[in-house]
Amino acid sequence: MIKYLLFDFDGVLYDAKKLPMEQYLFQEALMFWKQKTGKSAHEIERLAELYWRKYGSSPIGFELHQNVPIASLARGIDYSLFQRNDNLRIALQKVSIPKVIFSNSNRFYLDAALQHLGIRDQFSHVFCVDSTKDSPKPNIKSFENVLQSLQASPKECLFFEDNATHLATAKRLGFHTVYCNHPQDISPDADYSICCLDTQLTTCVTSFNGNTNNKVEPIRKLVFLNDLKNKYYDMH
């Protein structure tokens, strides 16, 4: 039985392609670090790629390893760009299971963005990089810390994530996993893949909890990845 829904933020609870806040913070971090150190563009690009591969986020790498004050830079964001999403709010309200943010972003950014989206009150906990600086996702310790705080087992958690590397760690630990907003990609570590959280959340959660009396009409059929996994391995 699912007891907690865990959500990444960027790329899951809003469309990061339409609102590239990660890119904004990345550019601000690069400008700050270049002015501070005078490093070459080549060195900056090398580190940015290294941090992206390690954390799924270049800004957090610059914060952890180069002392770039991402939290301070985040205060310069125009948070009004995060437009209220009543459809997402309704979808979250329909699910009575406690909902949790589990993100590598900083607390100020998350609180401000969630407030502007109109969904901050839908989450009982917010786990962010401020509390896991020594071990952000995909570090196993960050997942274990969240489980310990929630007093939950991986099998009791359904994890919504758009980063395949983070999803792989969760799956290896025994989480139920949902790959978000990658309709053209296949992740062998995902149980489900969804394209629209607003319309598919209730159906997805109901399917995991085994309720066959679901009265919510699935607007768009979920892609159950067992079949896709077979195709994936056939191609490789």
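Scroll up for the structure.
Residues numbered from 1 in each chain as written. Predicted model: local features only at pLDDT ≥ 70, side-chain atom pairs only at ≥ 80, totals over all residues. Heavy atoms only, no water.

Caption draft 1: Region of interest: helix α5 (residues 86-94). All of the buried residues in α5 are L88, R89, A91 and L92. On an axial view of α5, the arc spanned by its buried residues comes to 160°, and they lie on one face. Facing away from the buried surface of α5 by more than 90 degrees, the exposed residues are N87 and K94. Check the buried side of α5 and you find it contacts β1 (4-7), β2 (99-102) and α9 (197-208). At the N-terminal end of α5, a side-chain oxygen is found 3.3 Å from the backbone nitrogen of N87, two or three residues along, and the residue is N85. (Buried < 20%, exposed > 50% of the residue type's maximum accessible area, 1.4 Å probe, protein only. Helix = DSSP H or I, 4+ residues; strand = E, 2+ residues; numbered from the N terminus. Arc of directions from axis to C-beta. Contact = heavy atoms within 4.5 Å. Polar contact = N/O pair within 3.5 Å; in protein donor to acceptor, adjacent residues only side chain to side chain.)

Caption draft 2: Structural context of the nonpolar core. Ranked by internal contacts, the top residues of the largest apolar core, which has 55 residues, are F7, F9, L13, F62, F82, Y109 and F160. Residue contacts for F7: discarding those within four places in its chain leaves V12, L13, L92, K99, V100, I101, F102, F123, F160, L197 and L201. The next biggest cluster of nonpolar side chains, apart from the first, holds 17 residues, and it includes V100, F102, F127 and A152. (Core = buried A, V, L, I, M, F, W, Y, C linked by side-chain atoms within 4.5 Å.)

Caption draft 3: Inspection of the packing of aromatic side chains at higher detail. Evaluated as defined, the whole model comprises 18 aromatic pairs. What links up through ring pairs into an aromatic cluster is the set F9, Y14, Y79, F82, F108 and Y109. For the cation-ring pair, R75 lies above F108, with the distance from its terminal atom to the ring centre recorded as 4.1 Å. The side chain of K137 reaches across the aromatic face of F102, ending 5.0 Å from its centre. (Phe/Tyr/Trp six-rings, centres within 6.5 Å; stacked < 30°, edge-to-face > 60°. Lys NZ or Arg CZ within 6 Å of the ring centre and 35° of its normal.)

Caption draft 4: View of empty space enclosed by the protein. Under the counting rule described, the total for this entry stands at one cavity of 30 Å³ or more. The computed volume of the largest cavity comes to approximately 30 Å³. Around the largest cavity sit V12, C180, N181, I194 and L197, which together line it. Here the lining of the largest cavity is composed, by residue class, of four nonpolar, one polar and no charged. (1 Å grid on protein atoms, 1.4 Å probe; cavity = no way out; pocket = protein on both sides within 12 Å on 5 of 7 lines; lining within 4 Å. Points joined across faces, edges and corners; volume = space filled by probe spheres on them. Nonpolar A, V, L, I, M, F, W, Y, C, P; charged D, E, K, R; others polar.)

Caption draft 5: A look at helix α2 (residues 41-55). Along its 15 residues, α2 runs 21 Å from first to last C-alpha, staying within 8% of the 21 Å computed at 1.5 Å per residue. The set of residues buried in α2 consists of I44, L47, A48, Y51 and Y55. What you see down the axis of α2 is that its buried residues fit within an arc of 105°, all on one side. Of the exposed residues in α2, the ones pointing more than 90 degrees away from its buried face are H42, E45 and R53. Close packing links the buried residues of α2 with α1 (21-37), α3 (58-66) and α8 (164-173). (Expected span 1.5 Å × (residues − 1).)

Note that every value here comes from positions in space, so none of it alone points to a role or purpose.
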